[in-house]
Amino acid sequence: AYVVTEACIKCKYTDCVDVCPVDCFHEGPNFLAIDPDECIDCTLCVAECPVEAIYAEDDVPADQLHFIEINDRLAKVWPVIAAKKAPLPDHEDWAEVTGKTQYLEE
Ligand code: SF4
Ligand code: F3S
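Calculation criteria
- Residues numbered from 1 in each chain as written.
- Chains lettered and ligands numbered in written order.
- Predicted model: local features only at pLDDT ≥ 70, side-chain atom pairs only at ≥ 80, totals over all residues.
- Helix = DSSP H or I, 4+ residues; strand = E, 2+ residues; numbered from the N terminus.
- Rg over C-alpha atoms; globule rule 2.2 N^0.38 Å.
- Buried ≥ 20, exposed ≤ 12 C-beta atoms within 10 Å, placed from the backbone.
- Contact = placed C-beta atoms within 7 Å.
- Arc of directions from axis to C-beta.
- Near = placed C-beta within 6 Å.
- Nonpolar A, V, L, I, M, F, W, Y, C, P; charged D, E, K, R; others polar.
- Core = buried A, V, L, I, M, F, W, Y, C linked by C-beta atoms within 7 Å.

Undergrad: I keep staring at the overall build of the chain and nothing clicks. Help me out?
TA: Broken down by element type, the chain carries four helices and four strands. Across the chain, helices and strands are ordered from the amino to the carboxyl terminus as β-α-β-β-α-β-α-α. The C-alpha atoms of the chain give a radius of gyration of 12 Å, which matches the 13 Å a tight globule of 106 residues would have. A burial count over the chain gives 34% of its 106 residues as buried. When contacts within the chain are restricted to residue pairs at least 6 apart in sequence, long-range pairs at least 24 apart make up 81% of them.

Undergrad: Help me understand the environment of Glu 92 in this model?
TA: Locating Glu 92 in the fold gives a position in helix 4 (residues 91-94). Glu 92 sits 82 residues away from Lys 10 along the chain, and the two C-alpha atoms are 9.4 Å apart.

Undergrad: Is there a simple way to explain helix 3 (residues 66-75) in this structure?
TA: For an α-helix the count is 3.6 residues per turn, leaving residues at separations of three or four pointing the same way. Of all the residues in helix 3, the buried ones are Phe 67, Ile 70, Asn 71, Leu 74 and Ala 75. Mapping the buried residues of helix 3 onto a view down its axis gives an arc of 105 degrees, with all of them on the same face. Facing away from the buried side of helix 3 by over 90 degrees, the exposed positions are Glu 69 and Arg 73. The elements touched by buried residues of helix 3 are strand 1 (2-4), strand 2 (25-27) and strand 3 (32-34).

Undergrad: Is there a simple way to think about the site of ligand 1 in this case?
TA: Near ligand 1, the surroundings consist of 13 residues, among which Tyr 2, Cys 20, Cys 39, Cys 42 and Cys 45 are the closest. Per-class residue counts for the shell around ligand 1 are 11 nonpolar, one polar and one charged.

Undergrad: In this structure, what is going on with unusual backbone geometry? I would like to understand it.
TA: Residues apart from glycine generally show negative phi values, whereas peptide bonds are mostly found in trans. Despite not being glycine, Asp 23 has its phi angle at roughly 45 degrees, a positive value. Considering the arrangement of structural elements, one finds Asp 23 in the loop between helix 1 (15-19) and strand 2. Its identity is not glycine, yet Asp 41 carries a phi of approximately 60 degrees, on the positive side. Counting through the fold element by element, Asp 41 comes out in the loop between strand 3 and helix 2 (44-48). Take Asp 41: there are 10 C-beta atoms within 10 Å of it, and that puts it in the exposed class.

Undergrad: Is there a simple way to explain the nonpolar core in this structure?
TA: One recurring pattern in soluble globular proteins: nonpolar side chains tend to sit buried together. In terms of nonpolar packing, the biggest core is built from 28 residues, with Val 4, Cys 8 and Ile 34 touching the most fellow members. At the level of secondary structure, the elements contributing two or more residues to this core comprise strand 1, helix 1, strand 3 and helix 3. Discounting residues that sit within four places of it in the chain, Ile 34 has contacts with Ala 1, Tyr 2, Val 3, Val 4, Cys 24, Phe 25, Cys 39, Asn 71 and Ala 75.

Undergrad: I keep staring at the environment of Glu 27 and nothing clicks. Help me out?
TA: Within the secondary structure layout, Glu 27 lies in strand 2. Note on Glu 27: 19 C-beta atoms within 10 Å, which makes it partly exposed. In this structure the C-alpha to C-alpha distance between Glu 27 and Thr 98, which are 71 residues apart in sequence, comes to 21 Å.

Purely geometric stuff here, so don't read any function into it on its own.
See the structure below:
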């Protein structure tokens with residue numbers, strides 16, 4: 001499955017959801033999670049994300065591995081998002097920031 005990582009936090013551009021053929025993105029307050037049981041590994045979402053937040057599970061950077069569990073867990077409780085919407089208001093300020101896991105709202 002594909003995995004959303006910390007670059008998404010506090011940005012949530014949502015370009016990714018428009019291309020997903022199986023609507024497996026789920027929306028929380030400041031992050032999206034992919035349901036690994038629904039993702040068909042089509043790869044289409046990867047190129048859509050302006051901050052390159054999405055990786056194949058096998059390619060998730062070492063410092064982002066905790067997001068595999070985070071996507072699995074939160075996709076099960078958050079609602080599906082299937083259409084693009086406006087990014088979060090402060091997205092430009094947060095797009096380049098690293099170490100954002102601490103700001104993830106569940
Ligand atoms: Fe959806 Fe394809 Fe991305 Fe999986 S890889 S989340 S199926 S767009
Ligand atoms: Fe997040 Fe990138 Fe999608 S910022 S909402 S993974 S387009």
